[in-house]
Amino acid sequence: MVPMAPFPALPGSDSPAPTQLSRKAKAAIVVRLLLNEGADIPLEDLPEELQAQLTKQMGSMRLVDRTTLSDVVGEFADELESVGLSFPGGIAGALDSLDGRISKQTAARLRKEAGVRQYGDPWARLRQMDTDKLLPVMENESIEVAAVLLSKIEVSRAAELLGKLPGPQARRITYAVSKTSAVTPDAVDRIGLSLATQLDAEPKKAFDDGPVERVGAILNSTASVTRDDVLEGLDETDAEFATRVREAIFTFANIPKRIAPRDIPRVIRTLDQEVLIVALAGAEAAGMKDSAEFILENMSGRMADQLREEIGEREKVRPSECEEAMTTIVAAIREMEANGDLLLVVQDDED
């Protein structure tokens, strides 16, 4: 057996203290130990220069005695325990940490000034995009680029994308996948960077929601008389837009059709009982008797009887009080939906 040459910095049993080793040597020892233990270390996230230095350092080392190993690991553990806060290092890492928290214009300007690109791994960004956003790429880019995209995303999403394309185009792209074996990693990286930059270069919108959602949200909180008047005007101006707005609107009258019976108890638990009583007491006069009965029928019998008794004892509710209470209930339902605590029933077109 050919004897292994000892690591020059560690001659025999007279090994120097870990402080005499370079930080590169200590890093190499720690990395080698972690790899031996089966740890998954994302070394590819390091800058290429550091990856190269680490590889060369590990290649120059041979044997490390147990005492030195124990001392290096102990020093490494002490350093980790003393760290209170770490920063990403470099403008690229800082921009990634602040992504979505500073304006896109500021981020783009800082990247340009520092000469750093926006994506460390553009394919990770592309994999997070909705299928509908990737579909135009498949339709408009070259067959070769579409084949690379198809090969880099998850199989289930690739199948979904293919299913949305015309048959002949889907077949051409699928065949082109068989020709991608010669594509170099650099080419794949450039394609990914180009696609991610292109898809994220859409003009910034002033509003997060579309016009239908915005108008619907406004009319949800508007008095019924005003809401009906606005919708009648929209019918005359743009009937299609008016129809879509009506679909986006959720009012007290929509409760029987849009709320599942099993969800009524959950909705009631979020409401102030006085608000609920006022809304139910004035529902019949407001033409909302069906909604009131739907709520009462889908709660516990004991609670329904108690509410009916209180409603019967209450004096006549003013229309303004009733509408305010109904608006409060609708707002609570909308908030539950926004938080994912409630799923509104989708109405059929015929409804």
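Just above sits the structure.
Residues numbered from 1 in each chain as written. Predicted model: local features only at pLDDT ≥ 70, side-chain atom pairs only at ≥ 80, totals over all residues. Heavy atoms only, no water.

**Overview of the overall build of the protein chain**
Scanning the protein chain from terminus to terminus reveals 20 helices and zero strands. For the protein chain, the residues scored as buried account for 30% of the 351 residues in total. Sequence-distant contacts in the protein chain: of pairs separated by 6 or more residues, those separated by 24 or more amount to 74%. Accessible area of the protein chain: about 23100 Å², with a carbon and sulfur share of 53%. (Helix = DSSP H or I, 4+ residues; strand = E, 2+ residues; numbered from the N terminus. Buried < 20%, exposed > 50% of the residue type's maximum accessible area, 1.4 Å probe, protein only. Contact = heavy atoms within 4.5 Å. Areas by Shrake-Rupley, 256 points an atom, 1.4 Å probe, with all protein chains shown as cover.)

**Quick look at the nonpolar core**
The biggest cluster of nonpolar side chains holds 34 residues, and the ones touching the most others in it are Phe-252, Ile-255, Ile-259, Leu-276, Leu-280, Ile-295 and Ile-333. Contributions of two or more residues to this core are made by helix H16 (264-269), helix H17 (273-281), helix H18 (289-297), helix H19 (301-313) and helix H20 (319-338). Those residues within four positions of Ile-259 in sequence are excluded, and the remaining contacts are Phe-250, Asn-254, Ile-264, Phe-294, Ile-333, Leu-342, Leu-344 and Val-345. Within the second largest apolar cluster, 23 residues are counted, among which are Leu-134, Leu-149, Ala-170 and Leu-199. (Core = buried A, V, L, I, M, F, W, Y, C linked by side-chain atoms within 4.5 Å.)

**Quick word on helix H8 (residues 143-152)**
Turning to H8, its buried residues number three or more, namely Val-145, Ala-146, Ala-147, Val-148, Leu-149 and Leu-150. Of the surrounding secondary structure, the elements contacted by the buried residues of H8 are helix H6 (122-128), helix H7 (131-140), helix H9 (155-163), helix H10 (167-177) and helix H11 (185-199).

**Overview of the packing of H8 against H11**
Running from N to C, H8 and H11 point in directions that differ by 95°, and their axes come no closer than 11 Å. The orientation of H8 relative to H11 falls into the category roughly perpendicular. For the pair H8 and H11, contact is made by Val-145, Val-148 and Lys-152 and by Val-188, Ile-191 and Leu-195, respectively. (Axes fitted to C-alpha atoms, helices over the stretch in contact; angles between N-to-C directions. Parallel < 35°, antiparallel > 145°, perpendicular 65-115°, else oblique.)

**Brief notes about the pattern of salt bridges**
Counting across every chain of the model gives ten salt bridges. Its salt-bridge partner being Lys-26, residue Glu-75 comes within 2.9 Å of it at the nearest N-O pair. You can see Glu-75 sitting in helix H3 (residues 66-82) and its partner Lys-26 sitting in helix H1 (residues 23-36), a full 49 residues away along the chain. We classify Glu-75 as partly exposed; its relative accessible area is 22%. Residue classification places Lys-26 among the buried positions, given a relative accessible area of 13%. Bridged by salt links that share partners, the residues Asp-132, Glu-160 and Lys-164 form one connected network. (Salt bridge = Lys/Arg side-chain N within 4 Å of Asp/Glu carboxyl O.)

**Regarding the side chain of Thr-251**
With respect to the helices and strands, Thr-251 occurs in the loop between helix H14 (239-248) and helix H15 (255-258). Aside from chain neighbours lying at most four places away, what touches Thr-251 is Asn-220, Arg-227 and Val-330.

**Focus on the environment of Ala-158**
Mapped onto the elements, Ala-158 comes out in helix H9. Discounting residues that sit within four places of it in the chain, Ala-158 has contacts with Leu-150 and Ile-153.

**Overview of H17**
The complete set of buried residues in H17 reads Leu-276, Ile-277, Val-278, Ala-279 and Leu-280. Buried residues along H17 sit in contact with H16, H18, H19 and H20. Sitting at the head of H17, Asp-272 places a side-chain oxygen 3.0 Å from the backbone nitrogen of Glu-274. (Polar contact = N/O pair within 3.5 Å; in protein donor to acceptor, adjacent residues only side chain to side chain.)

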